[in-house]
Amino acid sequence: MKNSKKQLLFSFIQTIFIFLSILCFTTRAEANLSKKVSGFYVFGDSTVDPGNNNYIETLFKSNFQPYGKDFADHVPTGRFTNGKLATDFIASYVGVKKELLPAYLDPKVINNVNELMTGVSFASAGSGFDPLTPSISSVIPIPKQLEYLRDCKKKLENVIGKEGTENHMKNAVFFMSAGTNDFAINYFTLPVRRNSYSLLGYQQFLIQRVKEFLQELLAEGAQKIAIAGVPPMGCLPFMITMNSPNAFSQRNCIQRFSSAAKDYNQLLQQELNTMQLHLNSSNSPAKTYYIDIYEPLANMVQSHKNYGFEDINSGCCGSGYIEAALLCNKGCNVCSDPSKYMFWDSIHPTEKAYHNLFLAFKSTIDCIVNN
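1. Description of the packing of aromatic side chains
For step 1, the next point in the chain: Counted according to the given criterion, the structure contains 25 aromatic pairs.
For step 2, the next point in the chain: Here Phe188 and Phe257 contribute two aromatic rings whose centre-to-centre distance is 4.8 Å and whose plane-to-plane angle is 70°, an arrangement assigned as edge-to-face. One end of the pair, Phe188, is in the loop between α6 (180-187) and α7 (191-194); the other, Phe257, is in helix α10 (residues 255-281), and 69 residues separate them in sequence. Phe257 shares its class with Phe188; the two are buried.
For step 3, the next point in the chain: Through a chain of ring-to-ring contacts, the aromatic side chains of Phe183, Tyr187, Phe188, Tyr197, Tyr202, Phe205, Phe257 and Tyr264 assemble into a single cluster.
For step 4, the next point in the chain: Its end group placed over the ring of Tyr321, Arg251 keeps NZ or CZ at 3.8 Å from the ring centre.
For step 5, the next point in the chain: For Lys352, the ring lying beneath its charged end belongs to Phe309, and the centroid distance is 5.0 Å.

2. So, the side chain of Gln145
For step 1, the next point in the chain: With respect to the secondary-structure elements, Gln145 resides in helix α5 (residues 142-170).
For step 2, the next point in the chain: For Gln145, a relative accessible area of 0% corresponds to the buried category.
For step 3, the next point in the chain: In this structure, Gln145 is in contact with Phe43, Gly44, Phe122, Ala123, Ser124, Ser127 and Ile140, ignoring residues within four places of it in sequence.

3. Description of a nonpolar patch on the surface
For step 1, the next point in the chain: A cluster of nonpolar side chains, namely Met242, Ile322 and Leu327, defines an oily patch on the protein surface of about 280 Å² accessible area.
For step 2, the next point in the chain: With respect to the element layout, Met242 can be found in helix α9 (residues 237-243).
For step 3, the next point in the chain: Judged by relative accessible area, Met242 falls into the partly exposed class, the value being 49%.

4. Some words on empty space enclosed by the protein
For step 1, the next point in the chain: Going through the model one piece at a time under the given rule, you end up with three cavities of 30 Å³ or more.
For step 2, the next point in the chain: Of the volumes computed, that of the largest cavity is approximately 280 Å³.
For step 3, the next point in the chain: Around the largest cavity sit 25 residues that line it, and Thr47, Ser177, Pro231, Ile293 and Tyr354 are the ones nearest its centre.
For step 4, the next point in the chain: Of all the secondary structure elements, the ones that give two or more residues to the lining of the largest cavity are α2 (86-93), β3 (173-177), α6 and α12 (351-370).
For step 5, the next point in the chain: Ranked by the residues each element gives to the lining of the largest cavity, the list is headed by α12, at three residues.
For step 6, the next point in the chain: When grouped by side-chain class, the residues that make up the lining of the largest cavity number 16 nonpolar, eight polar and one charged.

5. A closer look at unusual backbone geometry
For step 1, the next point in the chain: Cis rather than trans, the peptide bond between Gln65 and Pro66 has omega equal to 15°.
For step 2, the next point in the chain: Its place among the elements puts Pro66 in the loop between β1 (40-44) and α2.
For step 3, the next point in the chain: Residue Asp73 is not a glycine yet carries a positive backbone phi of 60°.
For step 4, the next point in the chain: Mapped onto the fold, Asp73 is located in the loop between β1 and α2.
For step 5, the next point in the chain: Although it is not a glycine, Ala325 adopts a positive phi angle of roughly 55°.
For step 6, the next point in the chain: On the secondary structure map, Ala325 appears in the loop between β6 (311-315) and β7 (341-343).
For step 7, the next point in the chain: Ala325 gets classed as buried once you look at its relative accessible area, which sits at 6%.

So, how was this worked out
- Residues numbered from 1 in each chain as written.
- Predicted model: local features only at pLDDT ≥ 70, side-chain atom pairs only at ≥ 80, totals over all residues.
- Heavy atoms only, no water.
- Phe/Tyr/Trp six-rings, centres within 6.5 Å; stacked < 30°, edge-to-face > 60°.
- Helix = DSSP H or I, 4+ residues; strand = E, 2+ residues; numbered from the N terminus.
- Buried < 20%, exposed > 50% of the residue type's maximum accessible area, 1.4 Å probe, protein only.
- Lys NZ or Arg CZ within 6 Å of the ring centre and 35° of its normal.
- Contact = heavy atoms within 4.5 Å.
- Patch = residues over 30% accessible without salt bridge, like charges linked within 9 Å, V, L, I, M, F, W, Y side chains within 5 Å.
- Areas by Shrake-Rupley, 256 points an atom, 1.4 Å probe, with all protein chains shown as cover.
- Salt bridge = Lys/Arg side-chain N within 4 Å of Asp/Glu carboxyl O.
- 1 Å grid on protein atoms, 1.4 Å probe; cavity = no way out; pocket = protein on both sides within 12 Å on 5 of 7 lines; lining within 4 Å.
- Points joined across faces, edges and corners; volume = space filled by probe spheres on them.
- Nonpolar A, V, L, I, M, F, W, Y, C, P; charged D, E, K, R; others polar.

Written as structure tokens, this is what we have:
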């Protein structure tokens, strides 16, 4: 009798513990979310690549110090910053049980169904919507990133079946961030596309590639799709260095490049609106969402003191004027406090700037998940 009472008491305490654990996790990870995200899948360029380029033949890598400076033991992961990316903050926030979103090509991930189920990034630093862009740096084109998604789905089907995988895709969030390389590394730097396209013509060319990407993603069963615009490109330290009349004394944002970004973002939003109208008219439950990174970054530049930034026109690594990828290496001097810098190298934001971006579009993430 006494043993029976003890067992009942133990079962009661165990039940309370499990309940409190679940409540604690829900409160922490899904504070503003009423629905569950089955997985989080990311495509794009270096702004969202957590290390896929580590596993391909390219010079455009960042799996060496000082990249990863603010991770435990200063371990470089292949992220082009000192710590986390915005997509890492999103993954943690939407409750897919990950603090860091892994690279699909990581040997520890690519055949690990548990990792694939909760989310991975297929992105590749240096990539873009224009097929010419990834060929410049020998990185993973976006159509190939979509192939990786299809491979991922097949692996899931082997475990949870076709219907289970379809339901999983319906409740997953898909995130795309690309386009900056198409302008900064390709159109404005090399003559090939400028000889064939006006700026407006090239913007429209990219929008068509975006449309094709979205159509293929929808065909794979995606119903919650977020696509980021491009930043105020004229404020990137690299663009200032390459285009300023005096790169040392005149380091203000170069307006014509930022204006091109703003115009492209408007075209992108128009295309997303048109696609959404078509989806609605065909009774599709799929939703597409625009993620604004232009205004948050422009605000960080204009009101940098409010964000605690002391330097907004050079990176923390080296001179901060030109260093990125292989040029940002162990031989470079590194600023003592990256949190005072908006940029880590001459192209990529610091972890603090990425976190600010995440906070700026968190309400959009809430909307994506809850709808």
